[in-house]
Amino acid sequence: MKSDPRCAPCLLNRVLYEARLSTKDEALIFKAVQGGLDYLSEHFKEGVRATDVSTGIHRKVYGILGDDDPYREMKAQSNAIASKMMPSVRKAIAGAPERDRFRLAVLASIVGNNFDFGLQEHQVDIGGFEALFKEEMGRGLDVDDTDAIMGLAQNGKVTYLTDNCGEIYFDELVLEMLKDAGSHVTLVVRGGNIVTDATMEDVRRMGLDKKVDRVLTTGSNAIGVCLKELPPETLKAMKEADVIISKGMANYEALSDEGFRPIAYLLRAKCEPVARSIGAKKGWNVARLVR
């Protein structure tokens, strides 16, 4: 997906947000924002891939701040809230009719995609997340290709690309059902700290590595999936999958024009450019299969 004019102010908003997470030094915050402006002035051009710009600006600002994980506290809080919610969410899904359980697990994982902070067009109150979760679970999926996704995944090879901390706890519900359906599951996490994305450390801490067949990484801290930085083993897993399941907007932005098929995009459409690109409306819960 190419950059949209609205990406520029959104990225600067996120730069300011993460700078304030990292430091109280107003001079350093100003320097970080100035660095972001300088980066956009040089690299934000029509036709440039959205994730190339977002990766570059975050890497520059992290360097200015001298902080490789400004979101560490937000990630920890997200994980704690999701972990606390899991028993009740698991119970609710188990109590639903069997035909509905995979769809509800996917929905839970998409609602979990709201754990994303600093976006200009999307605000989430971490203290009110449980109420938001309940409301969105009641509203359901706006685009629902879950039956077709399971049809491809059953007894097949699935490569599952994760997104945010917190969210990954609800991904566990989907992963368990895929394994129950005979899927061979390769889980892919970020190769380094970037915004609120889950890494190998998060997966191992929660024991999710023991519930899938293997865990690989994207090879770097790039936003989404940077094919130039992707380890050969991870690229092979994506090419050989019967279906790729891709969580979140960044993975969509990175892969939507790359020709991987079939691929299922599970995301909350949190901004107009992504919503328009995927054929949804802003605020929709989307489980879209592209063959």
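One can find the structure itself at the top, above this paragraph.
None of the values given here were measured: they were computed from a predicted structure.

**Q** Which parts of the structure should I look at to understand the nonpolar core?
**A** One recurring pattern in soluble globular proteins is that nonpolar side chains are buried together. Core analysis: the largest hydrophobic core is formed by 50 residues, its most contacted members being Phe170 and Leu178. Apart from residues no more than four positions distant in its own chain, leucine 178 is found in contact with Phe102, Met150, Ala153, Val158, Tyr160, Ser183, Val185 and Ile245. The next biggest cluster of nonpolar side chains, apart from the first, holds 26 residues, and it includes Ala254, Phe260, Ala280 and Val286.

**Q** In this structure, what is going on with the state of the cysteines? I would like to understand it.
**A** As used here, a disulfide is simply a covalent bond connecting the sulfur atoms of two cysteines. Counted under the stated rule, the structure contains 0 disulfides. The thiol sulfur of cysteine 226 is not disulfide-bonded, and the nearest other cysteine sulfur, from cysteine 7, lies at 17 Å. On the basis of relative accessible area, cysteine 226 is assigned to the buried category, the value being 14%. Cysteine 10 provides the cysteine sulfur closest to cysteine 271, a residue in no disulfide bond, and the two sulfurs are 6.6 Å apart.

**Q** Honestly, helix 6 (residues 129–139) in this entry has me stumped. Any pointers?
**A** Every α-helix winds through 3.6 residues per turn, so residues three or four apart in the chain are directed the same way. Along helix 6, the residues that are buried comprise Phe129, Phe133 and Glu136. Seen from one end, helix 6 has its buried residues packed into an arc of 75 degrees, which puts them on one side. Residues Ala131, Lys134, Glu135 and Gly138 are exposed on helix 6 and point more than 90 degrees away from its buried face. Those residues of helix 6 hidden inside the fold are in contact with helix 4 (72–94), helix 5 (98–111), helix 8 (167–180), strand 6 (263–268) and strand 7 (285–290).

**Q** Explain the packing of helix 1 (residues 7–22) against helix 3 (residues 50–65) here, please?
**A** Packed helices, taken two at a time, are described by the angle between their axes plus the distance between the axes. The geometry of helix 1 relative to helix 3 is characterised by a closest axis approach of 11 Å and an angle of 30 degrees between their N-to-C directions. Between helix 1 and helix 3, the angle is such that the two are roughly parallel. Note on packing geometry: the crossing formed by helix 1 with helix 3 is right-handed. Here Leu11, Arg14, Val15, Glu18, Ala19 and Ser22 of helix 1 lie close against helix 3, whose contacting residues are Val53, Ser54, Ile57, His58, Val61, Tyr62 and Leu65.

**Q** Explain the pairing of strand 5 (residues 243–247) here, please?
**A** The side chains of a regular strand alternate between the sheet's two faces. In terms of burial, strand 5 is a largely internal element, 5 of the 5 residues being buried. By the alternation rule, side chains of strand 5 split into Val243, Ile245 and Lys247 and Ile244 and Ser246, which are all buried. Two elements, strand 2 (residues 157–161) and strand 5, share 4 bridges in a ladder whose sense is parallel. Considered in strand 5, the bridge of tyrosine 160 is made with isoleucine 245. Bridging between strand 5 and strand 6 involves 4 bridges; their strand directions are parallel. By the bridge assignment, lysine 247 is partnered in strand 6 with leucine 266.

**Q** Where do I start with the pairing of strand 4 (residues 214–217) in this structure?
**A** Sheet topology places strand 3 (residues 184–189) next to strand 4; 4 bridges connect them, and they run parallel. Among the inter-strand pairings, valine 189 is bridged to a residue of strand 4, identified as threonine 217. Remark: the strand 3/helix 9 (residues 200–206)/strand 4 crossover connection has right-handed handedness.

**Q** Explanation requested: the packing of aromatic side chains in the structure shown.
**A** In this description, a pair of aromatic rings is defined by centroid distance and the angle of the planes. This model, assessed by the stated rule, comprises 4 aromatic pairs. Aromatic side chains tyrosine 252 and tyrosine 265 sit 4.8 Å apart centroid to centroid with 80 degrees between the ring planes, which places their arrangement in the edge-to-face category. One end of the pair, tyrosine 252, is in helix 11 (residues 248–255); the other, tyrosine 265, is in strand 6, with 13 residues separating them in the sequence. Residue tyrosine 252 shares its accessibility class with tyrosine 265, and that shared class is buried. An aromatic cluster is built from Phe129, Phe133 and Phe170, whose rings are joined through pairwise contacts.

**Q** What exactly am I supposed to notice about unusual backbone geometry here?
**A** Note: most residues except glycine have negative phi, and most peptide bonds are trans. The residue after arginine 261, namely proline 262, is reached through a cis peptide bond having omega -15 degrees. The phi angle at asparagine 155 is positive, at roughly 60 degrees, despite the residue not being glycine. Positionally, asparagine 155 belongs in the loop between helix 7 (146–153) and strand 2. The exposed category is assigned to asparagine 155, whose relative accessible area is 62%. Positive phi, normally seen in glycine, also occurs at valine 195, with a value near 40 degrees.

Analysis parameters
Residues numbered from 1 in each chain as written. Predicted model: local features only at pLDDT ≥ 70, side-chain atom pairs only at ≥ 80, totals over all residues. Heavy atoms only, no water. Core = buried A, V, L, I, M, F, W, Y, C linked by side-chain atoms within 4.5 Å. Buried < 20%, exposed > 50% of the residue type's maximum accessible area, 1.4 Å probe, protein only. Contact = heavy atoms within 4.5 Å. Disulfide = S-S within 2.5 Å. Helix = DSSP H or I, 4+ residues; strand = E, 2+ residues; numbered from the N terminus. Arc of directions from axis to C-beta. Axes fitted to C-alpha atoms, helices over the stretch in contact; angles between N-to-C directions. Parallel < 35°, antiparallel > 145°, perpendicular 65-115°, else oblique. Left-handed = near helix turned anticlockwise from the far one by under 90°. Pairing = 2+ DSSP bridges. Right-handed = clockwise from strand over helix to strand, strands pointing away. Phe/Tyr/Trp six-rings, centres within 6.5 Å; stacked < 30°, edge-to-face > 60°.

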